[in-house]
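For reference, the chains in residue letters:
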Amino acid sequence: MAIERIAVLTSGGDSPGMNAAIRAVVRTGLARGLKVFGVRHGYQGLVNGEFIPMDSFMVSDMLQRGGTGLFTARSKEFMTEEGFRRALMMLESFKIDGLVVIGGDGSMRGALDLAKHGVAVAGLPGTIDNDLAYTDYTIGFDTAVNTAVNAIGNLRDTSSAHGMVTIVELMGRHCGDIALFAGIASGGDIIVMPETEYSLEDICREVVEGRNAGKLHCLILVAEGAPFSCQDIKEAVQERTGMESRITVLGHVQRGGSPTAFDRILASRLGAHGVDALIEGKKAVAVGIRNNEIFDMDMAKALEMKRPERTELIRLGEILK
Ligand code: F6P
């Protein structure tokens, strides 16, 4: 049976480019003759029935904006039996034939649960963390890396001026990609992430080696999922080297801001593909990009995949520091 009505929502932590994805879903849906609804506040909005009929004008002037015009939430109610049942009832009463979910790992798992109850879903990877194994890139990652690179550039200046050790915490949950990519792009000296096996002793030795080699500063980039906190590192550096250090937590700065051209194009391609997958009658797909090709695959299989090891990039970071 041909689908007629689709809905789109953004869920979990926002990421720059989500608006571009919403725009692509709405405009592709309308171009294909569908009725398109936006659901406000992610899965919480599904539970509450916050369905807004969308026209082309409603997604004007949002391509370049960070955040999400549909708003987002980390809904606890949707995870309860009652909340989930209400979400299903809302989808049924608004006669939604297919749902596009833009979000990270947890949001995809929510979509998969809906699919198990007969809802056709297409998941688009929207998170700055780049932690979804099935896709090379997630929407927002490139922007977050660029934001971090700019901030680290500023820190490098002041760090050199004072001959200081600068410790920067980057987001990424359990994934070190933001720290690794930003570290390579900004010439970080030590990149500490869940995927590497640094000890505090190694870190301190490298700080001293850098100083002995005549480095004016030391930039230590720490992914939030790393085995040590920035504070652990600061204390170890102070105790073992006597060198002064400062901690900067970039935090939510990395989640906001205008998306890069890469993220806008990625989000637009993924959004259009998601709608087409639903039109083709696909029931539970994750849409991604691999080797610059947009593709979809079974969502359950996508979520089981293991992330690629970053061996080459980790080595590169160590050689180029
Ligand atoms: O998933 C995106 C992300 O920004 C992670 O990098 C971070 O661990 C988490 O969300 C922070 O979540 P919150 O904004 O809810 O504290």
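For the structure itself, consult the block above.
Residues numbered from 1 in each chain as written. Predicted model: local features only at pLDDT ≥ 70, side-chain atom pairs only at ≥ 80, totals over all residues. Heavy atoms only, no water.

What should I look at first to understand the overall build of the protein chain in this one?
On a plain count of helices and strands, the protein chain comes out with 11 helices and 11 strands. Viewed in the frame of its principal axes, the protein chain has a C-alpha envelope of about 70 × 35 × 30 Å. For the protein chain, the share of sequence-separated contacts (at least 6 apart) that also reach a separation of at least 24 residues comes to 74%. Of the roughly 14,300 Å² of accessible surface on the protein chain, 51% is carried by carbon and sulfur atoms. With 34 positive and 41 negative side-chain charges, the protein chain shows a spacing of 4 Å between the two charge centroids. (Helix = DSSP H or I, 4+ residues; strand = E, 2+ residues; numbered from the N terminus. Contact = heavy atoms within 4.5 Å. Areas by Shrake-Rupley, 256 points an atom, 1.4 Å probe, with all protein chains shown as cover. Lys, Arg positive; Asp, Glu negative; His and termini not counted. Charge placed at Lys NZ, Arg CZ, Asp CG, Glu CD.)

Whenever I open this one, the pairing of strand 11 (residues 293–298) confuses me. Can you help?
In summary, the side chains of a regular strand alternate between the two faces of the sheet. With 6 bridges joining them, strand 10 (residues 284–290) and strand 11 adopt antiparallel strand pairing. Across the sheet, the residue bridging to Ile289 is Ile294, located in strand 11. Connecting the antiparallel pair strand 10 and strand 11 is a turn made up of 2 residues, with Asn291 showing a positive phi of about 50°. (Pairing = 2+ DSSP bridges.)

Is there a simple way to explain helix 11 (residues 311–320) in this structure?
Structurally, the α-helix is built with 3.6 residues per turn, so residues lying three or four positions apart point the same way. Of all the positions in helix 11, only Leu313, Ile314 and Gly317 are classed as buried. Angular distribution of buried residues about the axis of helix 11 spans 100°; they occupy a single face of the element. Relative to its buried face, helix 11 has exposed residues pointing more than 90 degrees away, namely Glu312, Arg315 and Ile319. Buried residues belonging to helix 11 abut helix 6 (177–186). (Buried < 20%, exposed > 50% of the residue type's maximum accessible area, 1.4 Å probe, protein only. Arc of directions from axis to C-beta.)

The quantities given are spatial measurements derived from coordinates; they are silent on function.
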